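For reference, the chains in residue letters:
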Amino acid sequence: MYPQIFSAAKEVDQAFLIILGFSVFILVAVTVAMLWFLWRYNYKRNPKAADITGNFWAEVVWTVLPTIIVLGLFWTGWTSFKAMRTIPDGAMLVQVEGRMWSWKFTYENGKTSSELFAPVDTPIKLALSSRDVIHSFYIPAMRVKWDLVPGMDTDAWIQSDTVGEFDIFCAEYCGLKHADMITKLKVMTNDDFQQWLEGTPEEEGGESRGLALMEEFGCFDCHTMDGTDDIAPPLNGIAGKERLIILPDGTKRTIKADANYLKTSIMDPGAELVDGFDDEMPPYEGDLSDEDADVVVNYLLGKDETGKPLTFPIHPGGQLAKVEGCFKCHSIDGSSGNGPSFKGLYGSTITVRKAGKEKTVTADEDYILESITQSSKWIADGYANSMPNYDDLSEESVESLLSYIKSLGGEK
Ligand code: CUA
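Attention in this report is confined to the structure presented alongside it. (Residues numbered from 1 in each chain as written. Predicted model: local features only at pLDDT ≥ 70, side-chain atom pairs only at ≥ 80, totals over all residues. Heavy atoms only, no water.)

### Some remarks on the sheet that holds strand 12 (residues 252-256)
Just so we agree on the cut-off: Two strands make a pair as long as DSSP finds a minimum of two bridges between them. Each helix is a run of DSSP H or I of at least 4 residues and each strand a run of E of at least 2, with the numbering of both proceeding from the N terminus.
With antiparallel pairing, the 3 strands of this open sheet are ordered in space as 12-11-13. The sheet terminates laterally at strand 12 and strand 13 (273-274), the two strands that pair on one side only. Where strand 11 (residues 242-246) lies against strand 13, 2 bridges are found, and the strand directions are antiparallel. Within the sheet, the bridge partner assigned to Ile245 lies in strand 13 and is Val274.

### Section: the pairing of strand 4 (residues 116-119)
Where we set the bar: We call a residue buried when its accessible area falls under 20% of the maximum for its residue type, exposed when it is over 50%, and partly exposed in between, using a 1.4 Å probe and counting protein chains only.
Burial along strand 4 is two-sided: the residues Leu116 and Ala118 and Phe117 and Pro119 are all buried. Pairing of strand 4 with strand 10 (residues 183-188), which is carried by 4 bridges, proceeds in the parallel orientation. Its bridge partner being in strand 10, Leu116 is matched across the sheet by Leu185.

### So, the pairing of strand 5 (residues 124-130)
Counting buried positions over the 7 residues of strand 5 gives 5, a clear majority of the element. One ladder, built from 5 bridges, connects strand 5 with strand 8 (residues 154-158); its direction is antiparallel. The partner of Leu126 across the bridge, within strand 8, is Ala156.

### Let's talk about unusual backbone geometry
Positive phi values are uncommon outside glycine, yet Asp121 reaches one of about 55 degrees. With respect to the helices and strands, Asp121 occurs in the loop between strand 4 and strand 5. Classification of Asp121 as partly exposed rests on a relative accessible area of 49%. Positioned with a positive phi, Arg143 is a non-glycine residue whose angle comes to about 60 degrees. One can find Arg143 in the loop between strand 6 (135-139) and strand 7 (144-148). Taking the relative accessible area as the measure of exposure, Arg143 reaches 17% and is therefore buried.

### Section: the pattern of salt bridges
Applied cut-off: Just to be clear on terms, a salt bridge is a Lys or Arg side-chain nitrogen sitting within 4 Å of an Asp or Glu carboxyl oxygen.
On inspection of all chains with the given rule, the structure shows 15 salt bridges. With its nearest N and O atoms 2.8 Å apart, the salt bridge here joins Lys184 to Asp167. Highlighted residues: Lys184 in strand 10 and Asp167 in strand 9 (residues 164-170), separated in sequence by 17 residues. Under the relative-accessibility criterion, Lys184 is labelled partly exposed at 27%. Residue Asp167 is classed as partly exposed on the basis of its relative accessible area, which comes to 22%. In this structure, the salt-bridge partner of Arg353 is Glu358, at a minimum N-O distance of 2.7 Å. Using a relative accessible area of 35% as the deciding quantity, one classes Arg353 as partly exposed.

As C-alpha cells, this is what we get:
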C-alpha cells in the first residue's frame, strides 16, 4: 500500500483491509458452495427436485448472520471515519482554496503559498473552499480526500509523523488542466517551519514579487512566458503589444496592452477578451488584492513593485527556468548546487560520464539541448543522476531555456 504518515489514517487502512479480506472470503465461500451445489444436485445425480416449504432455523441464520456482518463492517468504517473527522482542539489552521487549476494555502499569519508547508507532529486543520468548480483535495499518504464544493465550507485535518515531501492531487475532474492540479505537501521540523512562516519571499530566493505572485496564483498553468499559445495568450513581452479584443457586446477593437488593460484582464478577464481565446479565466477581483494586482501588472511591464524599471532584463527563458524549477538545483551565480551552475556553462569544457564511460565535451547548443531533454544520458562529472528528463517541454520552451542559458554563458 501507499506509504502512510498519519496516525488517524491507520484506522482507515485497517477498515480497508478488514472489508477487503471479508469480501475475498465471501467471494471464495460463495464460489465454492456454488460449484459444490452444481456437482451434488445436477440432474443425473438428483433427478427429482426437493420441495422445501419452510425452515425456521435456516431463516433465522440467514437473517441474523448477514445483519451482524454488515453492522460489523459498518462499525470498522465508522470508527475510522470518526478518527478522521475529530479535529483536535488547538490545531493549526490553514485555509485551502482550490481553483482552476492550482491550490492556494493561507496560514494563520496571512502568509500564502502554492505548496502546503506543515510542521511535523502537529495537528493541522484545513478549511477547504473552492472559487470556481468542484475540486477534490487529495493527499494519498494521509488517506485524506475531501471535495471542495463552491459556496460550501468544509474542513479536514492532517498530522504527519514524517518529515518529507508528499503528493497532493485534485481528485475531481475540473476541466482542461485537471491533471496539472498537482502540488506538494512539505513536512518540515518545527524550527524550519517557523523560519519559513516568518520569512519574506525575498529571503526565500530573492525573486521578484510579481513573478512569485503569478506562480502562486497559478498564472503559468495557462499562460506561457516563451511566446507559445497555451489555452491562454503568452505573457512575455506583452507590454505595449497590440491586442485585438472582443467586448462583451461582441464588438472588436484593437488596443495597446498598457497598465489599465492588463489590470482589467486580471481582475475581470471576460470584459476585454483577446480574440481567439475562450472566456476560461476566473476573475481575480476579490482574490488578488488591488495592490498585488498592481505588482503583477508592473512586473509584466518590466517594473519592480515600486514602479521603477527592473535593473535586470526579464529573460523569458529565465522565467521559464523558474517556473520549471530549474533553479532548485542550478544556480545563476556560479555556485554549485545539485547541478552545475548556469553561469558560464555555455561554451565551457566539461567532463561527462555514463556507465563507466567518460568523455570531455564542449557545452554547445546540442549538448545543452540534450542535457535538458535527455538529462540522464550523460552526467556531468561530480553530480548525481537526479535530474528528470524534460522531454515534455515544447520545442519553443527548450529553445527559450537554451537562449537563457546562452545569455549566462562564457565568452565563446
Ligand atoms: Cu481541480 Cu481537478
